[in-house]
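Remarks on the overall topology
As a plain string of letters, each chain reads:
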There are 2 protein chains.
Amino acid sequence: MPRYRLTVAYEGTAFHGWQKQHPPDAEPLRTVQGVLEETVRQVVREPIAVLGASRTDAGVHAWGQVAAFTTTRALPPRGLVRGLNARLPDDVLVRGAVVVDEAFNPISDAVRKAYRYRIAHGGAGGVLRPLFDRRTVTFAPSPLDPVSMNIAAQHLVGTHDFTSFTRLHHGRESTVRTVDACTVLATGPDRLRIDVSGNGFLYNMVRIIAGTLMQVGRGHWTPDVIPAVLAAADRVAAGPTLPPEGLRLEWIEYPPDTGTACPPS
Amino acid sequence: MPRYRLTVAYEGTAFHGWQKQHPPDAEPLRTVQGVLEETVRQVVREPIAVLGASRTDAGVHAWGQVAAFTTTRALPPRGLVRGLNARLPDDVLVRGAVVVDEAFNPISDAVRKAYRYRIAHGGAGGVLRPLFDRRTVTFAPSPLDPVSMNIAAQHLVGTHDFTSFTRLHHGRESTVRTVDACTVLATGPDRLRIDVSGNGFLYNMVRIIAGTLMQVGRGHWTPDVIPAVLAAADRVAAGPTLPPEGLRLEWIEYPPDTGTACPPS
């Protein structure tokens, strides 16, 4: 049976996150997984389950979320993309589809992920809240210095215990992760973005990294405080968790042999 | 009594245009003028009337709309901007305020206006509808050639009778306008923008210019058809009126002596 891998983009504003949620005695919440699964079912005309690589939180956006499903119907990937986009609401877009191995698992096969966090701040232009991009940037009224933030960010690169950068962690799972790159770039007099990529991310990790770098950008902390924040292995040592609207899942990397261009026969 | 000139930005998506509308036997419609007037009244604590330079249509956006009002209260312009932005909904933003002459009229004192029209088209990247910028670009599924569109646009520059570029015109008012500049620029493989500035614009003129240039960009018409379209002085000679979401009022120019930096005493 053909298995498809979809690259999915969405504006998270009007979603209760990726994962399906059906509270007892209430209507199911509007989630990306719920909407996508329902639309795929309409197109393939059979019940299927969609598995996503990353369970993004309510309000978080994605440009390169990855999802997979298996169906008995053999559809050419381009026709599948067209059929899905014609039926999906305007805040979700399927950017591409490929046929993958039946054993493909978007969660465990992921090699690397990248996130971007955007901030509008009280920079050179004065303090005006964002307008046209307000759904995808976080507003921080004080001016931020992207240069010191970028110096601080370099201390996060490498393999570290990121316990300070996650919500209180009770599992037996490891909190060690490898960050490949973390850069802070000014994109205008009052706009900056933080790009982070790595082999995996703990819960709220990027939003706490952004909040910690914000403390540096405001001048409250110096860039060289980061090694001590990591060493503390304690959530209270890091900065605040910034809100979801500035965060976007950019891309997820898989081994090159997990996708094939051959349409199903 | 101090008169204030405001520079106002808004996302037009959720507005029934600029101008106040109160249909008989119904609630007033949500308009930018209505929302702004109500907010200014809360801040100055007296009834005032806000006059706007341009009556933008439902769904049209603005970055540099200009509005004016007169009040008995003398407020420092920066405090006025802060007070208004704290109370305005998140789809309207006051970008600045200056004190102007009591006789200032934002409509008749305007010297020049500029509009931008954005299109997402089926360019090199394939045909995917816009997602994050879908409220501010118009989607045209066929590929468009910005180079031939820009050549066509040059024929619009100058002083012409723009009767072909407006809705059926019954008034005695002149349909002659001067376009100072009209340029088409590719901003990505599947994005382009049209920038038009001039001394005044007829009803729907920019949206019809965009629709006419789109016919050229698709290859349906050649760039040198434009002089004949102008000469026809007939709406049917031009292309379609493109939808409002791609249009944004960018700026309005006034004589330099209409604004003073002096706060009211």
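Only a predicted model underlies this, so the values are computations on that prediction, with no experimental measurement involved.

Comments concerning the packing of helix α3 (residues 146-154) of chain A against helix α4 (residues 205-217) of chain A
Residue and element names in this part refer to chain A. α4 packs onto α3 with a crossing angle of 135 degrees between their chain directions and a minimal axis gap of 8 Å. With respect to their mutual orientation, α3 and α4 come out oblique. When the axes of α3 and α4 are compared, the crossing they make is right-handed. Contact residues: α3 offers S148, M149, A152 and A153, while α4 offers L213, M214, V216 and G217. Tallied by class, the residues present in the contact of α3 with α4 amount to six nonpolar, two polar and no charged.

Details of the domain arrangement of chain A
Residues and elements named next belong to chain A. Domain annotation of chain A identifies domain 1 (3-109) and domain 2 (112-250). Distance from the C-alpha centre of domain 1 to the C-alpha centre of domain 2: 28 Å. Carbon and sulfur atoms make up 54% of the area that domain 1 and domain 2 hide from each other, which totals about 1000 Å². Considering only the surface of domain 1 that becomes buried against domain 2, D57, H61 and W63 emerge as the three largest contributors, covering 45% of it. Taken together, the links from domain 1 to domain 2 amount to one salt bridge. The interface formed by domain 1 and domain 2 holds ten residue pairs in polar contact (both at pLDDT 80 or more) in total. A per-class count over the side of domain 1 that touches domain 2 returns five nonpolar, seven polar and two charged.

What about the relation of the copies chain A and chain B?
Taken as rigid bodies, chain A and chain B are interconverted by a rotation of 180 degrees and an axial shift of 0.0 Å, the fit giving an RMSD of 0.0 Å. Considering both components of the superposition, the chain copies are consistent with a two-fold axis. Residue D133 of chain A, judged by its C-alpha, is the member of chain A lying nearest the rotation axis, at 4.2 Å. Most of the interface of chain A is mirrored in chain B, where 100% of its interface residues are also at the interface.

Quick look at the pairing of strand β9 (residues 191-198) of chain A
All names here are of chain A. For β9, the buried fraction is high: seven of the eight residues fall into the buried class. In the sheet, strand β5 (residues 112-121) pairs with β9 via eight bridges, with the strands oriented antiparallel. Within β9, the position partnered with A114 by the bridge is S197. With eight bridges joining them, strand β8 (residues 176-188) and β9 adopt antiparallel strand pairing. Residue V184 lies in a different strand from β9, and its bridge partner there is I194. Where β8 hands over to β9, the hairpin turn is made up of two residues, counted between the paired strands.

Analysis parameters
- Residues numbered from 1 in each chain as written.
- Chains lettered and ligands numbered in written order.
- Predicted model: local features only at pLDDT ≥ 70, side-chain atom pairs only at ≥ 80, totals over all residues.
- Heavy atoms only, no water.
- Axes fitted to C-alpha atoms, helices over the stretch in contact; angles between N-to-C directions.
- Helix = DSSP H or I, 4+ residues; strand = E, 2+ residues; numbered from the N terminus.
- Parallel < 35°, antiparallel > 145°, perpendicular 65-115°, else oblique.
- Left-handed = near helix turned anticlockwise from the far one by under 90°.
- Contact = heavy atoms within 4.5 Å.
- Nonpolar A, V, L, I, M, F, W, Y, C, P; charged D, E, K, R; others polar.
- Domains from an automatic or database assignment.
- Buried area = accessible area lost by both parts, 1.4 Å probe.
- Salt bridge = Lys/Arg side-chain N within 4 Å of Asp/Glu carboxyl O.
- Polar contact = N/O pair within 3.5 Å; in protein donor to acceptor, adjacent residues only side chain to side chain.
- Least-squares fit on C-alpha atoms with pLDDT ≥ 70 in both.
- Buried < 20%, exposed > 50% of the residue type's maximum accessible area, 1.4 Å probe, protein only.
- Pairing = 2+ DSSP bridges.

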